[in-house]
Amino acid sequence: MKMRFWIVVWLFLAIAVPHVEADFYRYVDEHGNVLYTDDLSKVPVEQRDKAQSYEDSRSAAPAAVTETKTDESQHDASWAVGSSLENERQSIQAREKALNDEYNILMKERAALDQEKQDAVTPDQIKAYNQKIVEFNARIQAYEEKRAVYADQVAAFNEKLKSGQQESQNP
């Protein structure tokens, strides 16, 4: 009887309590840089309570533009820049997803290679395994290079956002 009661309570709470989910989070790191991420776990623990969540980034950009810009041509140019930044953000997110997918595939392959290592006993099996390891290491190196390029793109994007915020604060 008590078990049913607690199950009903948990189900009620699961349904009644709204789930909070944001597209991305904005926070300021220890160097004063404004950063964005789509994963709250990437926000440092001490910054999580200060992290701002955004459901739709397009709604934030036009509001800031209308508050700071009064000339119609300036408004149109700012919107275009905001739209361009939104497109770039979406591109970066797509690249992050592709890199995460590639990483997951590499880790599955690594697990298979670890199993194959245990099964390789003859000299021919060991030689074949070693060749697969060499090829795997080359793919890992290529992945790391892609990840470094991605990190540079994120840093450049964050710098654009930071400079754009400074410009909007200094009319």
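On a predicted model such as this, the values are computed, not experimentally measured, just so you know. (Residues numbered from 1 in each chain as written. Predicted model: local features only at pLDDT ≥ 70, side-chain atom pairs only at ≥ 80, totals over all residues. Heavy atoms only, no water.)

## Points about the nonpolar core
Okay, so step 1: By size, the foremost hydrophobic cluster in this structure holds 11 residues: I92, L99, L106, L113, A120, Y129, F136, Y143, Y150, F157 and L161.
Okay, so step 2: Elements with a minimum of two residues in this core: α3 (72–119) and α4 (123–169).
Okay, so step 3: For this core, the element with the most residues is α4, which contributes 6 residues.
Okay, so step 4: Contact partners of A120, with chain neighbours within four places excluded, come to Q125, I126 and Y129. (Core = buried A, V, L, I, M, F, W, Y, C linked by side-chain atoms within 4.5 Å. Buried < 20%, exposed > 50% of the residue type's maximum accessible area, 1.4 Å probe, protein only. Helix = DSSP H or I, 4+ residues; strand = E, 2+ residues; numbered from the N terminus. Contact = heavy atoms within 4.5 Å.)

## Quick look at the environment of D49
Okay, so step 1: Following the sequence through the fold, D49 ends up in the loop between β2 (34–37) and β3 (52–54).
Okay, so step 2: Exposure remark for D49: the relative accessible area of 65% places this residue in the exposed category.
Okay, so step 3: Each C-alpha atom, one on D49 and one on Y27, is 9.6 Å from the other, the two residues being 22 residues apart in sequence.

## Let's talk about the pattern of salt bridges
Okay, so step 1: Applying the stated criterion to the full structure yields 6 salt bridges.
Okay, so step 2: We note a salt bridge from E109 to R139, for which the minimum N-O separation is 1.9 Å. A residue pair is termed long-range when its members are at least 10 positions apart, and E109 in helix α3 and R139 in helix α4 qualify at 30 residues.
Okay, so step 3: For K132, the salt bridge is made with E116, and the minimal N-O distance between the two is 3.0 Å. With K132 in helix α4 and E116 in helix α3, this residue pair connects regions lying 16 residues apart in the sequence.
Okay, so step 4: Judged by relative accessible area, which is 37%, K132 ranks as partly exposed.
Okay, so step 5: On the basis of relative accessible area, E116 is assigned to the partly exposed category, the value being 24%. (Salt bridge = Lys/Arg side-chain N within 4 Å of Asp/Glu carboxyl O.)

Remember, this is a structural readout, not a statement about activity or role.
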